[in-house]
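Below are the chains, spelled out letter by letter.
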Amino acid sequence: MSKVFAAVLLILLSPVLAGIAVLVWLGDRKAPFFIARRTGLGGGTFAMVKFRTMRPGTSDASAITEVRDNRITPFGSFLRNTKLDELPQLFNILRGDMAFFGPRPEDPGIVARYYDDEMRRSLLFLPGLFSPGTLWALTNLNRIEGANDAEDVYAREILPERLARDTAYFEQAGFMSHTQLAMKTLATLLHRAVSAENRE
């Protein structure tokens, strides 16, 4: 069902996807898409597709993107605040790498360095676009702003809580809880789109 819904959305949103791709390309005449290696179900890796939001050649500087990171382009900031940069992940859902609901997939390097046995429980679920941990992190990422070691602060203050929320949720989630989660997430993204608070 997820793959069918993803295919329908890709068709319906194709003008939006094409428009965003053109606008990203016009910014610097570089490829509009960014391929990121992420850890998926069972600890395997896959190629996650996003619209590129950073200046070319800067994405490898750090696995963690800080709030107001100077690598992010002006249009990329808008895409990240609204999460429109993640629309191409519908292709990942269509391929079976991701689902609509699941823990957000993490950078393999972060998984290798910081995941303990409890955190690895989150890898028992197919990664997805919507999760309570992701929703919580949206309003708490400002904790790493200005940190000398953003990755360390992320690993200590954001990652464990995010994964604990996701694991507890997906062990008992159902249709109604998914619907409520989707509505809360969309409301939060709408707020981010019109407010300067927690912007990236």
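Let us look at the structure shown here. Each chain has its residues counted from 1, running along the sequence as written. Two thresholds apply to this predicted model, a pLDDT of at least 70 for residue-level local features and 80 or more for giving and counting side-chain atom pairs, whereas whole-chain, interface and lining totals are computed over all residues. The side-chain quantities take in all heavy atoms of the structure and omit both hydrogens and water.

## Description of helix 7 (residues 150-170)
Then, in step 1: Under the scheme used here, helices are H or I runs from DSSP no shorter than 4 residues and strands are E runs no shorter than 2 residues, and both carry numbers assigned from the N terminus. In a helix, the anticipated span is given by 1.5 Å times the number of residues less one. Compared with an ideal rise of 1.5 Å per residue, which puts 21 residues at 30 Å, helix 7 spans 28 Å between its outermost C-alpha atoms and is within 8% of the ideal.
Then, in step 2: At isoleucine 158, helix 7 shows its largest bend, some 40°, and a proline, proline 160, comes one to four positions later. Note that the bend at a residue is defined as the angle between axes fitted to the seven residues ending at it and the seven residues starting at it.

## Points about unusual backbone geometry
Then, in step 1: Backbone geometry places arginine 29, a non-glycine residue, at a positive phi of 60°.
Then, in step 2: With respect to the helices, strands and loops of the structure, arginine 29 is situated in the loop between helix 2 (14-28) and strand 1 (33-39).
Then, in step 3: Unlike most non-glycine residues, lysine 83 shows phi in positive territory, near 65°.

## Describing the packing of helix 1 (residues 2-12) against helix 2
Then, in step 1: In this analysis an axis means a line fitted to C-alpha atoms, helices contributing only their contacting stretch, and an angle means the value between N-to-C directions, from 0 to 180 degrees. At their nearest, the axes of helix 1 and helix 2 sit 4 Å apart, and the two run at 60° to each other. Classified by the angle their axes make, helix 1 and helix 2 are oblique. Contacts between helix 1 and helix 2 involve Leu10, Ile11 and Leu12 from the former and Ser14, Pro15 and Leu17 from the latter.
Then, in step 2: By the convention adopted, Pro, Cys, Tyr, Trp, Phe, Met, Ile, Leu, Val and Ala count as nonpolar, Lys, Arg, Asp and Glu as charged, and the other residues, Gly among them, as polar. Here the residues of the contact of helix 1 with helix 2 are counted per class, giving five nonpolar, one polar and no charged. Roughly parallel here means an angle under 35 degrees, roughly antiparallel means over 145, roughly perpendicular means 65 to 115, and every remaining angle is called oblique. Should any heavy atoms of two residues lie within 4.5 Å, those residues are counted as being in contact.

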